[in-house]
Amino acid sequence: MKILVINSGSSTIKYQLIEMPNQAVIAKGLIERIGSKEAKITFQKGDFKTHKVLDIPDHQTGLAQINQLLMDDQIGVIANKDDIEVVGHRVVHGGKSFSKTAKVTQNVKEAIKSLSALAPLHNPHNLKGIEVAENVFTKAQQVVVFDTAFFQSMPQKAYQYAIPKHLMEEHDIRAYGFHGTSHKYVSEKAKTFLEAKNGSASKLITIHLGNGCSITALKDGLAIDHSLGFGPANGLIMGTRAGDIDQSVIFYLINQLGYSADEVNELLLKESGMLGLTGHNDMRDIQKKAEEGDKNCQLALDMNAYRIKKYIGAYAAALNGLDAIVFTAGIGENSALLRELVCKDMDVLGLELDTTKNGKHSAEINEISTAHSKAKILVIPTNEELEIAKQAFEITSK
Ligand code: AMP
């Protein structure tokens, strides 16, 4: 079965065509700057890569372009668009209504629309992707995979905020969580890996460190706590987001320094985090500067690692133990330095890093703890598109 996975943003569409159940990526690519006369579409199949710069005024045109590339006489990978039996869409917010992947119906689309208030930057674009795909791939079954669904297993004591409870009951103000497909994917990989070596995988902590960052505690495969909450702002220090911050700062900015509410929102989501601390939001630049002796960048790295350490400690307490921690996403997979800063002096939790193994890099699962480490330290590349394809396959082949 050929499944087209689509991740539709405000001005981007990421796509991957995956053959299931053998999980082979047939082709993949990205459209950037939708709405511009100089939009860019990339296409990759195996080692072959190409791109075009062209006018892509809207998502409909973008998806039609993807379809054209997939069916191209020279470089295409399918003969007919109806060869695509399923289109799997990433939808960021499924609220409390969706704890699982769903086939698209009118009701599902209406629910995604009504949840736009909770994810105004994502859900409207995700919905647009679905509507456009319905027009282009008319014979395909459309499926939605929600980022939030994986966290619906969290107990109420973890997801409820300590504010008047009518706000949750009447307005759904509570923690939902994000990056669910990534946490699910790497936690399942970790479980298979650890159990194959007769290890326990009952108490896991998965750490997704990319442009956005989040951390999840999992008991027997189910999320029991997570650092992102009502929106994608809480918890770890991210590229441009502050993560945890005392709400008093917000009111000081507004009442004493004259910021508007929108300006504070912009400040905390787009101008803070590693960018606010150092002037850079790419971890590679920050690491390079720190190596060159930049004290500011070193402090930002220390702050970043310290925040992660505190969450690991909190989640180990919530789990009453720890079998393994898993690093994933751009920074988690590639930054040996940040992993080292996080894992340093964590023997109280049974974590002991092997610095030689930590410095090596491979594309598959890496165990980077010492042979004596009670809790394992793993690096597992995430693959959200494959996770979406797996779930779309599962629901449509039943
Ligand atoms: P993601 O959102 O998962 O694509 O992660 C993107 C982030 O990964 C970038 O902002 C970089 O900071 C970081 N990153 C990518 N490659 C490296 C690397 N080799 N070393 C450190 N950080 C990296």
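- With an unreviewed UniProt entry as reference, the protein chain is termed Acetate kinase, source organism Psychroflexus lacisalsi.
- As stated in UniProt under Subunit (unreviewed entry), the record for the protein chain gives "Homodimer."
- The annotation that UniProt attaches to the protein chain under Catalytic activity (unreviewed entry) is "acetate + ATP = acetyl phosphate + ADP".

### Describing the UniProt feature "site: Transition state stabilizer" (unreviewed entry) in the protein chain
Consideration 1: Those places that UniProt annotates as "site: Transition state stabilizer" (unreviewed entry) correspond, in this numbering, to His 179 and Arg 241.
Consideration 2: Within the secondary structure, His 179 sits in the loop between helix H5 (166-171) and helix H6 (180-196).
Consideration 3: Other than its neighbours up to four places away in sequence, His 179 contacts Asp 147, Phe 151, His 208, Gly 212, Cys 213, Ser 214 and Leu 228.
Consideration 4: Among the structural elements, Arg 241 can be located in the loop between strand S11 (222-226) and helix H7 (247-255).
Consideration 5: Once you skip the residues sitting within four places of it in the chain, Arg 241 turns out to touch Gly 212, Pro 232, Leu 236, Leu 268, Leu 269, Ser 272 and Gly 273.

### Details of the side chain of Ser 8
Consideration 1: Within the element layout of this structure, Ser 8 appears in strand S1 (residues 2-8).
Consideration 2: For Ser 8, a relative accessible area of 4% puts it in the buried group.
Consideration 3: A polar contact of 3.3 Å, which involves the side chain of Ser 8, links it to the backbone oxygen of His 125.
Consideration 4: Each residue touching Ser 8, except ones within four places of it in the same chain, is listed here: Ile 13, His 59, His 125, Asn 126 and Gly 129.

### Section: the packing of aromatic side chains
Consideration 1: A complete count under the given rule lists four aromatic pairs for this structure.
Consideration 2: Taking 5.7 Å as the distance between ring centres and 75° as the angle between the ring planes, the aromatic pair formed by Tyr 311 and Tyr 315 counts as edge-to-face. Of this pair, Tyr 311 and Tyr 315 both sit in helix H11 (residues 295-319), four residues apart, which is roughly one turn of that helix. Here Tyr 311 matches Tyr 315 in class, with each residue buried.
Consideration 3: If you follow Arg 174 out to its NZ or CZ, it ends over the ring of Tyr 159, 3.7 Å from the centre.

### Let's talk about the pattern of salt bridges
Consideration 1: Following the criterion strictly, the structure yields 16 salt bridges and no others.
Consideration 2: Here Lys 191 ties to Glu 195 by a salt bridge, and the two come within 3.4 Å at their closest N and O atoms. With Lys 191 and Glu 195 both in helix H6, this residue pair falls four residues apart, about one helical turn.
Consideration 3: You can call Lys 191 partly exposed: its relative accessible area is 32%.

### A word on the sheet that holds strand S6 (residues 84-91)
Consideration 1: Spatially, the eight strands line up as an open sheet ordered S5-S4-S3-S2-S1-S6-S8-S7, and their pairing is mixed. Each edge of the open sheet is held by one strand with a lone partner, namely strand S5 (48-56) and strand S7 (102-103).
Consideration 2: One ladder, built from eight bridges, connects strand S4 (residues 36-45) with S5; its direction is antiparallel. Its bridge partner lying in S5, Ser 36 is registered against Ile 56.
Consideration 3: Running at roughly 35° to strand S8 (residues 141-146), helix H2 (residues 106-114) makes contact with S6, S7 and S8 of the sheet.
Consideration 4: Across the sheet, helix H3 (residues 123-136) is in contact with S1, S6 and S8; its angle to S6 comes to roughly 170°.

### Topic: the site of the ligand
Consideration 1: In the neighbourhood of the ligand, the contacting residues comprise Gly 210, Asn 211, Asp 282, Met 283, Arg 284, Ala 329, Gly 330, Ile 331, Asn 334 and Ser 335.
Consideration 2: Between the ligand and the protein, one listed contact pairs an oxygen atom with a backbone N or O atom of Met 283 at 2.7 Å.
Consideration 3: Here Gly 330 contributes a backbone N or O atom positioned 2.9 Å from an oxygen atom of the ligand.
Consideration 4: For the ligand, the accessible surface in isolation is 500 Å², of which the surrounding protein chains cover 72%.
Consideration 5: Those elements giving two or more residues to the shell around the ligand turn out to be helix H10 (283-291) and helix H12 (329-334).
Consideration 6: Examining the composition of the shell around the ligand, we find that four residues originate from one element, H12, more than from any other.

### Observations regarding the pairing of strand S3 (residues 24-32)
Consideration 1: In terms of strand pairing, strand S2 (residues 13-19) meets S3 through seven bridges, oriented antiparallel. By the bridge assignment for S3, Gln 16 is matched with Lys 28.
Consideration 2: Linking S2 to S3, which pair antiparallel, is a turn of four residues; within it Gln 23 sits at a positive phi near 60°.
Consideration 3: Summarising the sheet, S3 and S4 pair through five bridges and their orientation is antiparallel.

### Focus: the sheet that holds strand S12 (residues 324-328)
Consideration 1: Strand order in the open sheet formed by six strands is S11-S10-S9-S12-S14-S13, and the pairing between neighbours is mixed. Bordering the open sheet on either side are S11 and strand S13 (366-367), each of which pairs with just one other strand.
Consideration 2: Looking at chain direction, strand S10 (residues 213-219) and S11 are connected through four bridges and run antiparallel. Bridge pairing in S11 places Ala 217 opposite Asp 225.
Consideration 3: Each of strand S9 (203-209), S10, S11, S12, S13 and strand S14 (376-379) is contacted by H6, which is oriented at about 135° to S9, the strand it contacts most.

So, how was this worked out
- Residues numbered from 1 in each chain as written.
- Predicted model: local features only at pLDDT ≥ 70, side-chain atom pairs only at ≥ 80, totals over all residues.
- Heavy atoms only, no water.
- UniProt positions renumbered as here; feature names shortened; annotations may be inferred.
- Helix = DSSP H or I, 4+ residues; strand = E, 2+ residues; numbered from the N terminus.
- Contact = heavy atoms within 4.5 Å.
- Buried < 20%, exposed > 50% of the residue type's maximum accessible area, 1.4 Å probe, protein only.
- Polar contact = N/O pair within 3.5 Å; in protein donor to acceptor, adjacent residues only side chain to side chain.
- Phe/Tyr/Trp six-rings, centres within 6.5 Å; stacked < 30°, edge-to-face > 60°.
- Lys NZ or Arg CZ within 6 Å of the ring centre and 35° of its normal.
- Salt bridge = Lys/Arg side-chain N within 4 Å of Asp/Glu carboxyl O.
- Pairing = 2+ DSSP bridges.
- Axes fitted to C-alpha atoms, helices over the stretch in contact; angles between N-to-C directions.
- Near = heavy atom within 4 Å.
- Areas by Shrake-Rupley, 256 points an atom, 1.4 Å probe, with all protein chains shown as cover.

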